[in-house]
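Report on the structure
Each chain, written out:
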2 protein chains.
Amino acid sequence: MLDKSLSKNMLSKNKIKFVKSLELKKNRTETGLFVAEGEKIVPELLLSSLDVTYLAATSIWMEQNAHLPLTRCAETDIVSYDELKKISFLKTPQQVVCVAKIPTYPLRVSELTNKLSLFLDTVQDPGNLGTILRIADWFGIEDVICSHETADAFNPKVVQSTMGAITRVKVYYENLEEILPEIKNCGIPIYGTTLNGENIYASELTSNGIIMMGNESKGINSELMPYLNQQLFIPFFPEDQKRSESLNVGVATAIVCSEFRRRTGH
Amino acid sequence: MLDKSLSKNMLSKNKIKFVKSLELKKNRTETGLFVAEGEKIVPELLLSSLDVTYLAATSIWMEQNAHLPLTRCAETDIVSYDELKKISFLKTPQQVVCVAKIPTYPLRVSELTNKLSLFLDTVQDPGNLGTILRIADWFGIEDVICSHETADAFNPKVVQSTMGAITRVKVYYENLEEILPEIKNCGIPIYGTTLNGENIYASELTSNGIIMMGNESKGINSELMPYLNQQLFIPFFPEDQKRSESLNVGVATAIVCSEFRRRTGH
């Protein structure tokens, strides 16, 4: 049974204002909090190691999800669907919205030595970042290291588009130029996709390393290029007839990760 | 030099209304027209075999693109940037907007015999369809056959997201259930991605065939499943630890097309 003391019918204006304020990166940075919503991601968050600080849901959702560790939330509101809509960022709100602490991890470069990791240099579109985090999750890539110019992974749109991957993949924001020398010192191979790279299908790939993906229109920053051990290219078809200029960065990430795992991971 | 008679400063209300009306599928179907905009796709359209019926651009764009076959347009308006904004569907309008005829192709199944083609069963998200058309373009897949329930490729959002692929890839809307028996009769192998399929990396793939991709949440319609010769699955990693439920349909299409071309196309 639900604890009746949790039950409220209205959300205070301050609470609505607070949750909605988390749409802005400035406010997320200041509070260290982000918003996640819906039947898929909220249960995953509650079952993850992340801190859920607030949860608002309809009574139907609360009853159907009584098996979840709801006591992990510091504060819970049971509200009508109409009330819930007031704090939702979705066009079609679902039955539950929560606020959780943005996880921060210290980056220990030496721990990347035996793994495959992604480096994102100025991937600016939130949709692309969400897609990439979902790909990382599928292919068991635990660490995604983003330049400060990359979109914010805790933007509500990115959180939703990761389909729960955000609860499993570790996202770091770092100055890539500062950490790349350390990566090199550890002897970790650094791969990057470029339009002048060699055919990835015919390249030697290692089971560990960094895969660097660049900006949607400019590719990898020229200042980072000297750190690459190997430039990779996804061949178009037919080989003698180039039709498009490039692949979308999410699509390219998918193909490269698939190729690494196919060759070295199984 | 530009023909001064083309020059106008204002767009009539009727013209604005007409261009904007093409946002709706109903109006595109009725008129057989669609809208494309921007520095990338408009030149590609003008250089393609498609019919461009109307073009509005700033004088700067007209001067910079005087080498294009602009006389192919039945009607041209040179307008200020503020006027152009009135007929644009973009948040940040570019310097040119055009209207073109929706190309329709008769589908001849026998012509698919020696090629790789995509079948899309109820891919509903316009963004996913745009991504898939761009992937098809990269991998030289000339024909994308969509079920009637699939998003409309001539939706302004899809057109823009294809980055010009819409001028090269042929898109058909068909009743897939009706044409699949014919495909089978022609002996064309039919592949589909499913969550119960066999490891694509270890499967035998042919250089020709149909790759069928299903709906974002439901996958391939159960009525179409009996037509599949082979069900394929993209393995997650590590093999003993499934973390996500599925990959996005655009991402899955990218990996499958890459694997077909890697194995059989080069």
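Residues numbered from 1 in each chain as written. Chains lettered and ligands numbered in written order. Predicted model: local features only at pLDDT ≥ 70, side-chain atom pairs only at ≥ 80, totals over all residues.

A few words now on the nonpolar core. In terms of nonpolar packing, the biggest core is built from 157 residues, with C98, A136, V144 and I211 of chain A together with C98, A136 and V144 of chain B touching the most fellow members. When neighbours within four sequence positions are excluded, A136 of chain B is seen to be in contact with L118, I141, V144, A165 and V169 of chain B. (Core = buried A, V, L, I, M, F, W, Y, C linked by C-beta atoms within 7 Å. Buried ≥ 20, exposed ≤ 12 C-beta atoms within 10 Å, placed from the backbone. Contact = placed C-beta atoms within 7 Å.)

So, about the domain arrangement of chain A. Residue and element names in this part refer to chain A. According to the domain assignment, chain A contains domain 1 (4–101) and domain 2 (109–265). The straight-line distance from the C-alpha centre of domain 1 to that of domain 2 is 32 Å. Each side of the interface is counted separately: domain 1 has 15 residues, and domain 2 has eight residues. Ranked by residue count, the leading element in the side of domain 1 that touches domain 2 is strand β1 (residues 33–37), at four residues. (Domains from an automatic or database assignment. Helix = DSSP H or I, 4+ residues; strand = E, 2+ residues; numbered from the N terminus.)

Our focus in this paragraph is the environment of K184 of chain B. With respect to the helices and strands, K184 of chain B occurs in helix α8 (residues 176–185). The spatial distance from the C-alpha of K184 of chain B to the C-alpha of V171 of chain B is 21 Å, given a sequence separation of 13 residues.

Taken together, the contact between chain A and chain B spans 31 residues of the former and 31 residues of the latter. Only α6 (126–138) and α9 (249–265) of chain A provide two or more residues apiece to the side of chain A that touches chain B. Sort the elements by how many residues they give to the side of chain A that touches chain B and α9 of chain A lands first, with eight residues. The residue makeup of the side of chain A that touches chain B, split by class, is 15 nonpolar, nine polar and seven charged. (Nonpolar A, V, L, I, M, F, W, Y, C, P; charged D, E, K, R; others polar.)

Let us look at the relation of the copies chain A and chain B. Between the two chain copies there is a screw-like relation: a rotation about an axis and a shift along it. Take chain A, turn it by 180 degrees, move it 0.0 Å along the axis, and it overlays chain B with an RMSD of 0.0 Å. In short, the pair behaves as if placed about a two-fold rotation axis. (Least-squares fit on C-alpha atoms with pLDDT ≥ 70 in both.)

A rise of 1.5 Å per residue sets the reference length of helix α9 (residues 249–265) of chain B, with its 17 residues, at 24 Å; its end C-alpha atoms lie 22 Å apart and thus fit the reference within 8%. Of all 17 residues making up α9 of chain B, 14 are buried, and the element is well covered by its neighbours. (Expected span 1.5 Å × (residues − 1).)

Moving on, we get to the environment of T71 of chain B. All names here are of chain B. Its location among the elements puts T71 in the loop between α4 (59–64) and β3 (75–78). Judged by C-beta crowding, with 9 C-beta atoms within 10 Å, T71 ranks as exposed. Taking C-alpha positions, T71 is 18 Å from V35, a pair spaced 36 residues apart along the chain.

Here the focus is the sheet that holds strand β10 (residues 230–233) of chain A. Residue and element names in this part refer to chain A. Read from one edge of the open sheet, six strands run β7-β6-β5-β9-β8-β10, paired in parallel fashion. This sheet does not close on itself; its edge strands, each paired only once, are β7 (170–174) and β10. Taken over all neighbouring pairs, the strand axes of this sheet differ in orientation by 35 degrees on average, direction set aside. The sheet contacts of α9 involve β5 (116–120), β8 (190–199), β9 (209–213) and β10, and relative to β9 the element is tilted by about 160 degrees. (Pairing = 2+ DSSP bridges. Axes fitted to C-alpha atoms, helices over the stretch in contact; angles between N-to-C directions.)

Bringing the confidence of the model for chain A into the picture now. Residues and elements named next belong to chain A. A residue-level look at chain A finds 96% of positions with pLDDT of 70 or above and a mean pLDDT of 93. Contacts from residues 1–7, a stretch scored under 50 in pLDDT, to residues over four places away or in other chains number four contacts. Overall fold confidence (pTM) sits at 0.93, and the ipTM for the predicted complex is 0.92. (pLDDT = per-residue confidence, 0-100.)

It is worth spelling out the sheet that holds strand β6 (residues 143–147) of chain B at this point. Residue and element names in this part refer to chain B. The strand order β7-β6-β5-β9-β8-β10 describes an open sheet built from six strands, whose pairing is parallel. One side of each edge strand has no neighbouring strand; the edge strands of this open sheet are β7 (170–174) and β10 (230–233). Between one strand axis and the next, the sheet turns by 35 degrees as a mean value, whatever way the strands run. Pairing of strand β5 (residues 116–120) with strand β9 (residues 209–213) involves five bridges; the strand directions are parallel. Bridge pairing links L120 to M213 in β9. α8 contacts β5, β6, β7, β8 (190–199) and β9 of the sheet and is inclined by roughly 110 degrees relative to β7. Contacts from α9 reach β5, β8, β9 and β10 within the one sheet, and its direction differs from that of β9 by about 160 degrees.

The next point concerns the packing of helix α6 (residues 126–138) of chain B against α9 of chain B. All names here are of chain B. Relative orientation of the contacting elements α6 and α9 amounts to 15 degrees, with a least axis distance of 9 Å. It follows that α6 is roughly parallel to α9 by the angle criterion. Judged by the twist between their axes, the crossing of α6 over α9 is right-handed. Two secondary-structure elements touch here, α6 through N128, T131, I132 and I135 and α9 through V249, G250, T253, A254 and C257. Of the residues that constitute the contact of α6 with α9, the class distribution is five nonpolar, four polar and no charged. (Parallel < 35°, antiparallel > 145°, perpendicular 65-115°, else oblique. Left-handed = near helix turned anticlockwise from the far one by under 90°.)

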